[in-house]
Amino acid sequence: MRAHLISMGLVLGAASPAFAQDDAFWVHPYNFFGEPTALTASVNLGDLDGDGDLDGFAVNGRHWIQQNEIYLNNGMGFFRSAHDAGADRATGYEAALADFDGDGDLDAAIARDLLPVLVQLNDGSGHFDAGHEIGAIAQARSIAAVDLDADGDADLVLILRGAANRLYFNDGQGGFDRVVELPGAYQTIQVAIDDLDGDGTVDLVFSNRGGEGVMLYRGTGDGGFDGPVAIGADLDMEIRAVAAGDMNGDGHPDILAGGIERPGVIFLNDGSGNFVGRRAFGSADDEMFGLELADFDGDGRLDIVVANDGLRDRVYLAREDGFQTIDLVELDEADSYNVSIGDLNQDGRPDLVFAVSEGSNYVAINRIELRD
């Protein structure tokens, strides 16, 4: 692997770079982590051991049985030590990190393939118990923690492929006895969560591999949701990745959908939660398995990072007339399954962690000079 930034270019417009080529994202050869044979589907970030920096919870296996791992940050943005996340091995796709039992540390709820969700409680030092299962066996593909019913604790959104997505409501102590199935069953992979219509309640947008577009469910404020509303169904697009954020600076969150062997699509919000305009981003050869947003260069615009399957991961920096492309390391055709964002070295810049299946995961440290 070549552990440095590979190339930069422009898409959908022209703009001059504000930094030297090799100064954008730094991938140190010692900052690859995890066994190269691991089928890592996600590395979620949070301060797991209470020392003030961001650690990684890696979920390994996908359809196969493997061991999940905790990777501890040394405070400089390097994962330099690790231990097993519990004693058992299993299938797995993603961990939602939140304080489920109200004791002040981050716990984990793990989406697993053909198994119930596993909730593991943290002892405060980054060590997790054996866990307890909630819900029924399902083909889970991802999971998110958010307060759905405004009662002050973290609930769960479980994303299922080929079945109705499920909501698990927290009783405040880490119990999830109340379960609600959302109407409709689609080939969903991920969820984006935001207040899309400005009514003060969270809405849910699910990606869909089946070609019916993304599915929008509008929150009613009490943990209920209306929908689904299909957006972009006319595109006949296999969508794996989805995100939400204000991409045109009008104060309203838009929806981004990541496709397979085609550019991604931004569905523009009219301010009322209706999505009538569209804008393309990315490249025709992108295989977007993961998609996240952050302002990497401090110019006030949201930029895009994509985890690509079988080719280089990419950052798209937002410019007035399009996006500036940064290609990251070459991974010998390994599959990047997901990307997480966080300030790993505490320098005020958002950094990147890529989950790589059948290859080592890696950290890309943001070295772009932030603009005043």
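Residues numbered from 1 in each chain as written. Predicted model: local features only at pLDDT ≥ 70, side-chain atom pairs only at ≥ 80, totals over all residues. Heavy atoms only, no water.

With respect to the overall build of the chain
Across its full length, the chain carries zero helices and 32 strands. Taking 372 residues into account, the globule formula puts the C-alpha radius of gyration at 21 Å, and the chain, at 19 Å, falls close to it. The principal-axis extent of the C-alpha atoms belonging to the chain is close to 55 × 45 × 35 Å. Looking at the 372 residues of the chain, the share that counts as buried comes to 57%. The long-range share in the chain, meaning contacts at least 24 apart out of those at least 6 apart in sequence, stands at 47%. When the accessible area of the chain is evaluated, it comes to approximately 13900 Å², of which 45% is carbon and sulfur surface. (Helix = DSSP H or I, 4+ residues; strand = E, 2+ residues; numbered from the N terminus. Rg over C-alpha atoms; globule rule 2.2 N^0.38 Å. Buried < 20%, exposed > 50% of the residue type's maximum accessible area, 1.4 Å probe, protein only. Contact = heavy atoms within 4.5 Å. Areas by Shrake-Rupley, 256 points an atom, 1.4 Å probe, with all protein chains shown as cover.)

With respect to the sheet that holds strand 25 (residues 275-281)
Ordered in space as 22-23-24-25, the four strands form an open sheet in which the pairing is antiparallel. One side of each edge strand has no neighbouring strand; the edge strands of this open sheet are strand 22 (239-245) and strand 25. Direction aside, neighbouring strands of the sheet carry axes that sit 25 degrees apart on average. Note that strand 24 (residues 264-269) and strand 25 share six bridges and pair antiparallel. Following the sheet pairing, Val265 is matched in strand 25 by Ala280. (Pairing = 2+ DSSP bridges. Axes fitted to C-alpha atoms, helices over the stretch in contact; angles between N-to-C directions.)

Some points on the side chain of Gln120
You can see Gln120 is positioned in strand 12 (residues 113-120). Other than its neighbours up to four places away in sequence, Gln120 contacts Phe57, Ala85, Gly86, Asp107, Ala108, Ile110, Phe128, Asp129, Ala130 and Gly131.

Topic: the pattern of salt bridges
Tallied over the entire structure, the rule returns 15 salt bridges. Between Glu238 and Arg209 there is a salt bridge; the shortest N-O distance is 3.1 Å. Linking Glu238 in the loop between strand 21 (225-231) and strand 22 with Arg209 in the loop between strand 19 (203-206) and strand 20 (214-219), this pair joins segments that are 29 residues apart in sequence. Residue classification places Glu238 among the partly exposed residues on the basis of a relative accessible area of 28%. Residue classification places Arg209 among the partly exposed positions, given a relative accessible area of 25%. The salt bridge partner of Glu330 is Arg312, with a shortest N-O separation of 3.4 Å. Of this pair, Glu330 sits in the loop between strand 29 (322-327) and strand 30 (335-342) while Arg312 sits in the loop between strand 27 (303-308) and strand 28 (314-319), and the two are 18 residues apart along the sequence. Taking the relative accessible area as the measure of exposure, Glu330 reaches 33% and is therefore partly exposed. In this structure, a network of salt bridges that share partners links the residues Asp297, Asp299, Arg301, Arg319 and Glu320. (Salt bridge = Lys/Arg side-chain N within 4 Å of Asp/Glu carboxyl O.)

Some words on the pairing of strand 4 (residues 40-46)
Along a regular strand, successive side chains alternate from one face of the sheet to the other. With seven of seven residues buried, strand 4 lies mostly within the body of the structure. With six bridges joining them, strand 4 and strand 5 (residues 55-60) adopt antiparallel strand pairing. Pairing of Asn44 across the sheet is with Phe57, part of strand 5.

A word on the packing of aromatic side chains
All told, the structure shown has 12 aromatic pairs when counted by the stated rule. When the ring of Tyr71 is compared with that of Phe79, the centres are 6.5 Å apart and the planes differ by 50 degrees; the resulting orientation is tilted. Tyr71 sits in the buried class, given a relative accessible area of 10%. On the basis of an interplanar angle of 75 degrees and a centroid distance of 6.4 Å, the ring pair of Phe281 and Tyr316 is categorised as edge-to-face. Of this pair, Phe281 sits in strand 25 while Tyr316 sits in strand 28, and the two are 35 residues apart along the sequence. A residue is classified by how much of its surface remains accessible, and Phe281, at 0% relative accessible area, is buried. The ring of Phe289 carries Arg240 above its face, with NZ or CZ at 3.8 Å from the centroid. One residue, Arg367, lies across the ring of Trp26, its end atom 4.0 Å from the ring centre. (Phe/Tyr/Trp six-rings, centres within 6.5 Å; stacked < 30°, edge-to-face > 60°. Lys NZ or Arg CZ within 6 Å of the ring centre and 35° of its normal.)

A few points about the confidence of the model for the chain
Detailed reading of the predicted model is not advised wherever pLDDT is low. In this model, the chain carries an average pLDDT of 92, and 93% of its residues clear a pLDDT of 70 or more. Segment residues 1-21: pLDDT under 50, and 65 contacts once partners within four positions in sequence are set aside and those in other chains are kept. (pLDDT = per-residue confidence, 0-100.)

So, the nonpolar core
Formed by 22 residues in total, the largest nonpolar core has its most connected members in Phe25, Phe296, Val315, Leu328, Leu352, Phe354 and Tyr362. If you list the elements that add at least two residues to this core, you get strand 27, strand 28, strand 31 (351-357) and strand 32 (361-366). Among all residues touching Val315, those that are not within four sequence positions of it are Phe25, Phe296, Ile304, Val305, Gln324, Thr325, Ile326, Leu328 and Leu352. Membership of the second largest hydrophobic core comes to 17 residues, among which are Ala98, Phe100, Ala109 and Ala111. (Core = buried A, V, L, I, M, F, W, Y, C linked by side-chain atoms within 4.5 Å.)

Details of unusual backbone geometry
In this chain, Gly227 is followed by Pro228 through a cis amide linkage whose omega measures 10 degrees. Mapped onto the fold, Pro228 is located in strand 21. Of note in this structure, Arg62 is not a glycine but carries a positive phi near 55 degrees. In this fold, Arg62 is placed in strand 6 (residues 62-66). A relative accessible area of 11% means that Arg62 is categorised as buried. You will see that Asp236, though not glycine, has its phi angle at about 50 degrees, which is positive. With respect to the element layout, Asp236 can be found in the loop between strand 21 and strand 22.

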